[in-house]
Amino acid sequence: MRRRRGFKLDLEPACAAALPFTKDIAAWSIKGLGDIVRLQSAGGEAGDRLHRGRERHFEGLRTNEGVYILQNLAAARSLAKSMDQMIGDWSMSVRSNGQAICGLT
């Protein structure tokens, strides 16, 4: 479903507790040639930007918090990301142990 310059994003309830910056995220959009994913509020305000990483994932850097990685194992098999490849179930995980801490659709 298209929302104010973005597509609807549903996050699991545990996301806000694990990643407080996600509590206002309600949509996403792609900028450029598919190398930047923008997370947005319900009102369309731009939030975090995730840039294409070297290992077929998207990375976001939050000051004083670290790097966040968004990766879909099925979509990671392709270098190019189309809108169709971005739609689906994703998860954010802890890099050191790979444990998923937040799922989003």
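Here, every reference points to the structure presented above.
Because the structure is predicted, anything quoted here is derived from the model rather than measured.

A.B. asks: Teacher, can you tell me more about the overall build of the protein here?
C.D. replies: In terms of helices and strands, the protein carries two helices and nine strands. For the protein, the α and β elements follow one another from N to C terminus as β-β-α-β-β-β-β-β-α-β-β. For the protein, buried positions account for 35% of its 105 residues. Restricting the contact set of the protein to residue pairs at least 6 apart, pairs at least 24 apart contribute 28%. Here the protein displays about 6,700 Å² of accessible surface, and carbon together with sulfur accounts for 51% of that area.

A.B. asks: What should I look at first to understand the environment of Q40 in this one?
C.D. replies: Assignment of secondary structure puts Q40 in strand β4 (residues 36–41). Distance in space between the C-alpha atoms of Q40 and A27 is 5.0 Å, their sequence separation being 13 residues.

A.B. asks: Which parts of the structure should I look at to understand the nonpolar core?
C.D. replies: The tendency in soluble globular proteins is for nonpolar side chains to be buried side by side. Within the largest apolar cluster, 17 residues are counted, with the highest numbers of intra-cluster contacts made by L39 and L70. Elements represented by at least two residues in this core include exactly β3 (25–31), β4, β7 (66–71), β8 (90–93) and β9 (100–104). Excluding its chain neighbours within four sequence positions, the residues that come into contact with L39 are L9, I25, A27, W28, E45, A46, G47, D48 and L50.

A.B. asks: What is the right way to read the pairing of strand β6 (residues 58–62) from this model?
C.D. replies: The side chains of a regular strand alternate, first on one face of the sheet and then on the other. Pairing geometry for strand β5 (residues 46–52) and β6, over two bridges, is antiparallel. Note that in β6 the partner of R52 across the bridge is F58. Here five bridges tie β6 to β7, and the two strands are oriented antiparallel to one another. Bridge assignment links L61 to a residue of β7, and that residue is V67. Linking two consecutive strands that pair antiparallel, namely β6 and β7, is a turn of three residues; a positive phi of about 65 degrees is found at N64 within it.

A.B. asks: Sorry if this is basic, but what is going on with the pairing of β7 here?
C.D. replies: As paired elements, β7 and β8 share two bridges and run antiparallel to each other. Within the sheet, the bridge partner assigned to L70 lies in β8 and is M92.

A.B. asks: In this structure, what is going on with the environment of I25? I would like to understand it.
C.D. replies: Structurally, I25 can be placed in strand β3. For I25, a relative accessible area of 13% gives the class buried.

What counts, and where the lines are drawn
- Residues numbered from 1 in each chain as written.
- Predicted model: local features only at pLDDT ≥ 70, side-chain atom pairs only at ≥ 80, totals over all residues.
- Heavy atoms only, no water.
- Helix = DSSP H or I, 4+ residues; strand = E, 2+ residues; numbered from the N terminus.
- Buried < 20%, exposed > 50% of the residue type's maximum accessible area, 1.4 Å probe, protein only.
- Contact = heavy atoms within 4.5 Å.
- Areas by Shrake-Rupley, 256 points an atom, 1.4 Å probe, with all protein chains shown as cover.
- Core = buried A, V, L, I, M, F, W, Y, C linked by side-chain atoms within 4.5 Å.
- Pairing = 2+ DSSP bridges.

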